[in-house]
Amino acid sequence: MGKSLLVAYGLWSVGGPLGLHHIYLGRDSHALLWMLTLGGFGMGWMWDFWKIPGIVYRYNSQENNQENKNIVDKNIEPPASPIRFMGQVATGIYFGIVAAIGLSSLSSFYVVALPLAVALGVHLVASVGEQTSDLKNTLIAAFLTSPIFYGRAISTIPISLTASITAQKHRKYRQQHRTHENLSLRLYRIGLAYLAFTGPLAFSALLNTSRTVNYVAGSIGTMLEWLSIFPSISSMVERILLLPYRVWGMVLGVGTFRDQYFKEWEKIYEFVSIFQNEKEELACKVLGIHPKSTIDEISRKYRDLVKIWHPDHNLQNVKEAEERFLEIQAAYETLVRLRKSKTK
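Parameters at a glance
- Residues numbered from 1 in each chain as written.
- Predicted model: local features only at pLDDT ≥ 70, side-chain atom pairs only at ≥ 80, totals over all residues.
- Heavy atoms only, no water.
- Helix = DSSP H or I, 4+ residues; strand = E, 2+ residues; numbered from the N terminus.
- Areas by Shrake-Rupley, 256 points an atom, 1.4 Å probe, with all protein chains shown as cover.
- Expected span 1.5 Å × (residues − 1).
- Buried < 20%, exposed > 50% of the residue type's maximum accessible area, 1.4 Å probe, protein only.
- Salt bridge = Lys/Arg side-chain N within 4 Å of Asp/Glu carboxyl O.
- Arc of directions from axis to C-beta.
- UniProt positions renumbered as here; feature names shortened; annotations may be inferred.
- Axes fitted to C-alpha atoms, helices over the stretch in contact; angles between N-to-C directions.
- Parallel < 35°, antiparallel > 145°, perpendicular 65-115°, else oblique.
- Left-handed = near helix turned anticlockwise from the far one by under 90°.
- Contact = heavy atoms within 4.5 Å.
- Nonpolar A, V, L, I, M, F, W, Y, C, P; charged D, E, K, R; others polar.
- pLDDT = per-residue confidence, 0-100.
- Phe/Tyr/Trp six-rings, centres within 6.5 Å; stacked < 30°, edge-to-face > 60°.
- Lys NZ or Arg CZ within 6 Å of the ring centre and 35° of its normal.

Further remarks concern the overall build of the chain. Across its full length, the chain carries 15 helices and two strands. As displayed, the chain has an accessible area near 19700 Å², and 63% of this comes from carbon and sulfur atoms.

Time to look at helix α9 (residues 156-169). Think of an α-helix as turning once every 3.6 residues; residues three or four places apart then point the same way. Between its first and last C-alpha, α9 extends 20 Å over 14 residues, near the 20 Å set by a 1.5 Å rise per residue. Taking burial as the measure, the 14 residues of α9 include ten buried ones, the bulk of the element. Within α9, the full set of buried residues consists of Thr156, Ile157, Pro158, Ile159, Ser160, Ala163, Ser164, Thr166, Ala167 and Gln168.

What follows concerns the pattern of salt bridges. The tally for this structure, following the rule as stated, stands at four salt bridges. Note that glutamate 130 and arginine 27 form a salt bridge whose closest N and O atoms lie 3.8 Å from each other. Pair noted here: glutamate 130 is in the loop between α7 (109-126) and β1 (131-132) and arginine 27 is in the loop between α2 (20-24) and α3 (28-41), with a separation of 103 residues, a long-range link. As a salt-bridge pair, aspartate 28 and arginine 186 come within 2.6 Å of each other at their nearest N and O atoms. One end of the pair, aspartate 28, is in helix α3; the other, arginine 186, is in helix α10 (residues 183-207), and 158 residues separate them in sequence. Accessibility classification places aspartate 28 together with arginine 186 in one group, the buried group.

Helix length check: helix α14 (residues 295-309), at 15 residues, gives a terminal C-alpha distance of 21 Å against a target of 21 Å (1.5 Å per residue), a fit within 8%. When we look at burial in α14, the residues that qualify are Ile298, Ser299, Tyr302, Leu305 and Val306. Buried residues of α14, viewed axially, fall in a sector of 130 degrees; they line one side. Across from the buried face of α14, at angles greater than 90 degrees, the exposed residues are Asp296, Lys307 and Ile308.

Here the focus is the UniProt feature "transmembrane region" (unreviewed entry) in the chain. Here the UniProt feature "transmembrane region" (unreviewed entry) sits at residues 6-25, 32-50, 85-103, 110-129, 149-167 and 187-207. The span residues 85-103 is 100% helical and 0% strand by assignment, and the distance between its end C-alpha atoms comes to 26 Å.

Remark: α3 packs on helix α6 (residues 82-103), axes separated minimally by 12 Å, with the N-to-C direction vectors making an angle of 120 degrees. It follows from the interaxial angle that α3 and α6 lie oblique. Both α3 and α6 take part in a crossing whose hand is right-handed. Residues Leu33, Leu36, Thr37 and Phe41 of α3 form the contact with α6, whose own contacting residues are Thr91, Tyr94 and Phe95. Residues belonging to the contact of α3 with α6 are distributed by class as follows: five nonpolar, two polar and no charged.

What follows is about the packing of α6 against α9. α9 packs onto α6 with a crossing angle of 140 degrees between their chain directions and a minimal axis gap of 8 Å. In this view, α6 runs oblique relative to α9, as classed from their interaxial angle. Between α6 and α9 the crossing geometry is right-handed. Contact residues: Arg84, Phe85, Gln88, Val89, Gly92, Ile93, Gly96 and Ile97 in α6; Thr156, Ile157, Ser160, Leu161, Ser164, Ile165, Ala167 and Gln168 in α9. For the contact of α6 with α9, the per-class residue count stands at eight nonpolar, seven polar and one charged.

The next point concerns the side chain of threonine 156. Checked against the element boundaries, threonine 156 lands in helix α9. Accessibility expressed as a relative area gives 9% for threonine 156, which makes it buried.

Let's shift gears to the confidence of the model for the chain. Mean pLDDT over the chain works out to 79, with 72% of the residues at or above the 70 mark. The spread of mean pLDDT over the elements of the chain runs between helix α5 (residues 71-74), the lowest at 46, and helix α8 (residues 135-145), the highest at 95. This model gives residues 254-261 a pLDDT under 50, and the stretch forms nine contacts once residues within four places in sequence are excluded.

Attention now goes to the environment of alanine 80. Note on placement: alanine 80 falls in the loop between α5 and α6. Judged by its relative accessible area of 52%, alanine 80 is exposed. A sequence separation of 91 residues divides alanine 80 from arginine 171, and the C-alpha atoms of the two residues are 8.3 Å apart. Once you skip the residues sitting within four places of it in the chain, alanine 80 turns out to touch Gln168 and Arg171.

Before going further, it helps to examine unusual backbone geometry. Within the chain, leucine 38 stands out as a residue other than glycine whose phi angle is a positive 55 degrees. Along the polypeptide, leucine 38 turns up in helix α3. Since its relative accessible area comes to 57%, leucine 38 is described here as exposed.

For the rest of this paragraph, the subject is the packing of aromatic side chains. Enumeration according to the criterion identifies eleven aromatic pairs in this entry. Judged by centre distance (5.3 Å) and plane angle (80 degrees), the ring pair of phenylalanine 49 and tryptophan 50 falls under edge-to-face. Judged by its relative accessible area of 35%, phenylalanine 49 is partly exposed. Following the ring pairs from residue to residue traces out a cluster consisting of Tyr9, Trp12, Trp45, Trp47, Phe49 and Trp50. Over the ring of tyrosine 24 we find lysine 3; its NZ or CZ atom is 4.6 Å from the centre of that ring.

See the structure below:
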């Protein structure tokens with residue numbers, strides 16, 4: 001039975017972040033991914049608006065045996081996708097952080113629970129749509145990488161990168177086309193996977209709030225420090241992290257929640273704000289300007305320092321000049337971005 005484009009868009013608008021349109025279109029892995037990440041951290045759900053017509057078309061074409069009939073017989077390797085790869089890395093890191101929140105008290109966390117969670121997150125993204133990957137090889141890559149970074153807060157990043165590269169290397173089309181399973185059975189499987197993911201997280205967040213908040217704040221701090229060498233990416237991550245709190249303040253008003261539970265979680269947003277302030281102070285020191293300098297003053301100082309430290313003007317000490325030049329650029333970009341965000 002064919003699928004209706006109108007119904008798909010209706011489900012997208014009503015329950016898109018929960019993957020309802022993907023359940024309708026028989027894409028259970030995609031639906032589960034959206035449930036666990038709230039629509040691919042919001043961005044994937046919005047991107048689906050343009051992708052739905054193509055998904056519906058492919059579904060109906062396969063139903064009528066008009067398209068992709070011999071993909072498996074020809075054993076064609078799916079094309080590499082940078083977007084899928086970035087999604088695998090991000091989801092692997094996300095699964096690792098969630099596992100750390102709910103399962104870090106386990107003695108075998110860093111050698112069993114963490115690599116398992118990261119690998120499953122990577123494999124879930126690899127299994128979206130008509131593609132999949134070799135779960136065994138992805139797990140092996142994650143478990144071999146985990147001991148190298150044992151006990152380090154940043155360990156989720158290299159584990160996810162290694163697992164994602166392995167998953168991309170072993171990408172393939174599914175060996176079976178869509179099966180017409182009962183909807184209730186499909187929902188049962190998705191529900192079990194969802195509970196397995198959210199159960200430990202909910203337990204830790206509700207019954208061990210302070211410890212959970214401190215761990216999340218520490219993980220965010222480590223990630224932002226690592227991303228500070230990429231100012232644009234760091235800025236985007238900071239805005240995403242602060243967005244829920246700002247929406248909360250706009251809708252309900254600052255200070256609406258007085259309960260201690262909500263104040264604990266508010267510490268995470270305070271932590272990100274403090275991190276921004278520390279970056280601003282450091283950037284001011286690098287440029288040698290006052291913290292209250294205007295954008296024009298920052299730009300003038302930046303131009304003066306660039307003339308002094310440009311590598312072309314320091315041929316006798318190129319290495320030091322390059323390091324100083326990059327440091328000045330990063331400080332300038334940070335200050336301009338923070339000044340513009342404050343004027344909005």
